[in-house]
Structure formats: structure tokens, C-alpha cells
Amino acid sequence: MIKIAPSLLSADFRNIEKEIKKVEKCGVDLLHLDIMDGHFVPNITFGPMIVKAINECTKLPLDVHLMIENPDSYVESFVKSGADYLTVSIEACRHLHRTISLIKSFNVKVGCALNPATSFCMVKPILKDLDLLLLMTVNPGFGGQKFIESVLSKISQAKKFIEEHKLKTKIQVDGGINPQTARLVKKAGATILVAGDAIFKSKNYCKVIQDLRK
Ligand code: DX5
Ligand code: ZN
């Protein structure tokens with residue numbers, strides 16, 4: 001079962017509530033919120049206060065993607081703001097097991113993201129503890145970038161490992177996902193698709209969402 005998570009980074013922030021209602025009507029599964037700190041990635045977005053405001057506009061689960069240094073310090077405030085999924089970047093975690101345990105202690109779903117150049121083997125020891133493995137298909141920082149095709153083999157590798165070890169971890173992809181690249185990532189084993197520009201820069205959100213799903 002494929003899940004679609006629109007990334008609000010590409011939405012019109014002057015009308016964020018309307019944008020949320022529009023994707024809600026198309027039957028999406030999660031709302032993806034990109035948190036960037038200007039250190040881990042070369043861009044700055046928003047923090048817990050905006051996550052809380054978004055949470056008040058919707059009943060959809062919030063999939064909070066932390067692209068920040070020192071995530072441990074912010075876990076609690078994002079949970080309190082309404083995060084249902086909290087994903088940290090492996091490259092920003094010096095003690096990944098501790099960070100994951102901390103997130104789990106708040107009873108929210110936990111994810112771990114790998115940049116395109118990070119090998120799958122880095123996450124193997126901890127995969128069974130994750131609800132979600134996010135394989136970045138662009139270098140994080142901006143919406144509207146080109147899909148990096150070499151990540152496909154990492155998706156297949158992760159799928160194989162998850163099946164062999166009978167794990168429940170879901171594979172999520174994020175970056176440059178559109179109906180064409182969606183076909184490739186689904187074939188490789190991804191089941192949660194994040195899409196920003198493909199949805200919010202289109203004329204017909206529901207049509208794109210349907211195309212991503214099928
Ligand atoms: C990239 C973010 C993505 C981004 C996806 O750093 O994590 O969620 O908004 O946007 P598109 O789908 O336009 O690549
Ligand atoms: Zn993201």
C-alpha cells in the first residue's frame with residue numbers, strides 16, 4: 001500500500017491552511033514538514049511554532065523531517081507541537097541509538113534519513129528499531145531538485161534486507177519525486193512517497209497524487 005506525503009515546503013505559505021485542505025481532499029496519508037536549520041543544510045525553514053499552527057489546521061498525521069544539527073535538543077518541542085513521525089538525519093547524529101531511543105520514549109513514530117552519498121550499511125544495526133527509513137533522493141536543503149537515480153540500488157538493498165529480516169520498517173523517499181520517478185522508486189521498494197513541487201506546482205493536485213499512487 002503506497003502512502004503519499006505532500007511536502008509543504010513547496011506550498012503557498014500565504015495560504016497554508018487552504019493548501020492543506022486542498023491536499024486533504026485528495027486523500028493523502030501524511031503531511032511532510034521540512035525543518036532546516038541553516039547548518040546541517042544550506043537553508044532555513046521553520047520550527048515548532050509553525051508545526052503547531054499546521055497541526056491545528058489538520059487531522060492528518062504530521063511527518064516531521066528534521067534536517068538539523070543536534071536534533072536531541074528539539075525532539076520534545078516537536079513532539080509537543082504535534083509531530084506524529086519524527087525523522088532525524090543519520091549524518092547529524094553522533095549517538096544515533098540514543099536519539100532514536102529518545103524519540104521512542106515520547107511514543108511517536110521514528111525515522112532515520114540517509115543522504116544520497118551515505119551507504120545503507122550505516123543504518124543496518126538500528127533498522128529494526130525504525131518505523132521509517134528515509135532514503136533521500138536529492139541532497140537535502142531545497143525543493144524542486146532533480147532526482148538522483150543512483151539511490152535506486154540503495155532502495156532495493158534496503159528492501160531486500162527488510163524482507164530477509166522480516167522487519168516492519170517502511171521505506172520512504174524524498175526529493176524529485178514525480179509520477180515518472182515514482183514508478184522507479186516503487187519498483188525498487190519504496191512505499192511512502194514525499195512530493196513537493198510535483199504536487200504544489202501543478203494545476204491539479206488530486207490528479208498528480210493519483211498518478212503518484214498508481
Ligand atoms: C528536501 C526536502 C524535501 C523537498 C521535496 O530537502 O526534504 O521534502 O521539499 O521537494 P521536491 O518534491 O520538490 O523535490
Ligand atoms: Zn523532506
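Residues numbered from 1 in each chain as written. Chains lettered and ligands numbered in written order. Predicted model: local features only at pLDDT ≥ 70, side-chain atom pairs only at ≥ 80, totals over all residues. Heavy atoms only, no water.

(A) Representation of the state of the cysteines within the structure. Scanning the entire structure with this criterion turns up one disulfide. Through a disulfide, C26 is tied to C206; the S-S separation comes to 2.2 Å. Since a negative S-S torsion denotes a left-handed disulfide, the C26-C206 link at about -80° is left-handed. Note that C26 is positioned in the loop between α1 (16-25) and β2 (31-36) and C206 in helix α8 (residues 205-213), a separation of 180 residues in sequence. Not engaged in a disulfide, the cysteine C121 finds its nearest cysteine sulfur in C112; these two sulfurs lie 13 Å apart. The class for C121 is partly exposed, based on a relative accessible area of 43%. (Disulfide = S-S within 2.5 Å. Helix = DSSP H or I, 4+ residues; strand = E, 2+ residues; numbered from the N terminus. Buried < 20%, exposed > 50% of the residue type's maximum accessible area, 1.4 Å probe, protein only.)

(B) Molecular detail of the coordination of the zinc ion (ligand 2). Note on the zinc ion (ligand 2): its protein donors are H32 (NE2), D34 (OD), H65 (ND1) and D174 (OD). The metal-donor distances range over 2.0 to 2.3 Å. Coordination geometry of the zinc ion (ligand 2): the six donor atoms subtend angles of 71 to 168° at the metal centre, consistent with an arrangement described as octahedral. Of note, the zinc ion (ligand 2) draws all its donor residues from one chain, in the sequence arrangement H-x1-D-x30-H-x108-D. Residue H32 is located in strand β2, and its partner D174 is located in strand β7 (residues 170-174); the two are separated by 142 residues in the primary sequence. (Donors = N, O, S within 2.8 Å, 3.2 Å for Na, K, Ca; no water. Tetrahedral: all angles 85-135°; square planar, octahedral: opposite > 155°, others 65-115°.)

(C) Geometry of the nonpolar core. With 65 residues, the main nonpolar core has V64, L86, V123, I155 and I199 as its most contacted residues. The leading source of residues in this core is helix α5 (residues 151-164), at six residues. If we skip the residues at most four places from it in the chain, V123 touches I90, C112, L114, L130 and L133. Residues A5, A113, I192 and V194 belong to the second largest nonpolar core, which totals 10 residues. (Core = buried A, V, L, I, M, F, W, Y, C linked by side-chain atoms within 4.5 Å. Contact = heavy atoms within 4.5 Å.)

(D) Representation of α5 within the structure. Compared with the 20 Å implied by 1.5 Å per residue over 14 residues, the 20 Å span of α5 between its first and last C-alpha is a close match. Buried within α5 are the following residues: V151, L152, K154, I155, A158, F161 and I162. The elements touched by buried residues of α5 are β5 (109-114), β6 (132-136), β7 and α6 (179-188). (Expected span 1.5 Å × (residues − 1).)

(E) Representation of the sheet that holds β2. Taken together, the eight strands give an open sheet; going across it, the order is β1-β8-β7-β6-β5-β4-β3-β2, and neighbouring strands pair in parallel fashion. A strand with exactly one partner marks an edge of an open sheet, and here the two such strands are β1 (3-6) and β2. Across this sheet, the average inter-strand angle for adjacent strands is 25°, counted without regard to direction. In this sheet, strand β8 (residues 192-195) lies alongside β7 in parallel orientation, the contact comprising three bridges. Considered in β8, the bridge of Q172 is made with I192. (Pairing = 2+ DSSP bridges. Axes fitted to C-alpha atoms, helices over the stretch in contact; angles between N-to-C directions.)

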